[in-house]
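Structural overview
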Amino acid sequence: QVQLVESGGGLVQPGGSLRLSCAVSGSISSINTMAWYRQAPGNQREFVAIILSGDRTDYADSVKGRFTISRNNAKNTTYLQMNSLKMEDTAAYYCNAVSFKFGRRDYWGQGTQVTVSS
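Here we summarise the structure given alongside this text. (Residues numbered from 1 in each chain as written. Predicted model: local features only at pLDDT ≥ 70, side-chain atom pairs only at ≥ 80, totals over all residues. Heavy atoms only, no water.)

Looking at the state of the cysteines
Condition: Counting rule for disulfides: a pair of cysteine sulfur atoms within 2.5 Å. A helix here means a DSSP run of H or I that spans at least four residues, while a strand means a run of E at least two residues long, and both kinds are numbered starting from the N terminus.
Following the criterion strictly, the structure yields one disulfide and no others. Each disulfide pairs two cysteine sulfurs, and for Cys-22 the partner residue is Cys-95, the sulfurs being separated by 2.0 Å. Here the S-S torsion is close to -85°, and the disulfide linking Cys-22 with Cys-95 is therefore left-handed. In this pair, Cys-22 sits in strand S3 (residues 18–26) while Cys-95 sits in strand S9 (residues 91–99), placing the two residues 73 residues apart along the sequence.

Here is the structure:
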């Protein structure tokens, strides 16, 4: 089992920055990828960013150049640095871990709210 706990959300003005954190515990060695997703009211959950083995990263087009995903293995924490925030970035942000140890299994955190508003 893997447990994920997000933090760092809040209210920020357009153009501002936030850093989200995802603390990972449990069967950490079974995790293959870490990612962030978001879901705005009335919308489906959508992919934001992913970090793969070798620290390769990929991003949704809507956040490229503004968001950065990273991880600190010593702290078992994955981060999402969000800069130049826009009102359309307002959503609940969810941390995701995927394990392929016994077939694909997804783990999710409880989410943290990011609101971009003036």
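Having put the structure on the table, let's press on.
Some points on the sheet that holds S3
For the record, the criterion: Criterion used throughout: strands pair if DSSP finds at least two bridges between them. Orientation is described by lines fitted to C-alpha atoms, with helices fitted over the stretch in contact, and by angles between N-to-C directions that extend from 0 to 180 degrees.
Across the sheet, which stays open at both edges, the four strands sit in the order S1-S3-S8-S7 with antiparallel pairing between neighbours. Looking at which strands have only one partner, the edges of the open sheet turn out to be strand S1 (2–7) and strand S7 (67–72). Ignoring which end each strand starts from, the neighbouring axes of this sheet average 20° apart. Direction of pairing for S7 relative to strand S8 (residues 77–82): antiparallel, over a ladder of six bridges. Among the inter-strand pairings, Thr-68 is bridged to a residue of S8, identified as Gln-81.

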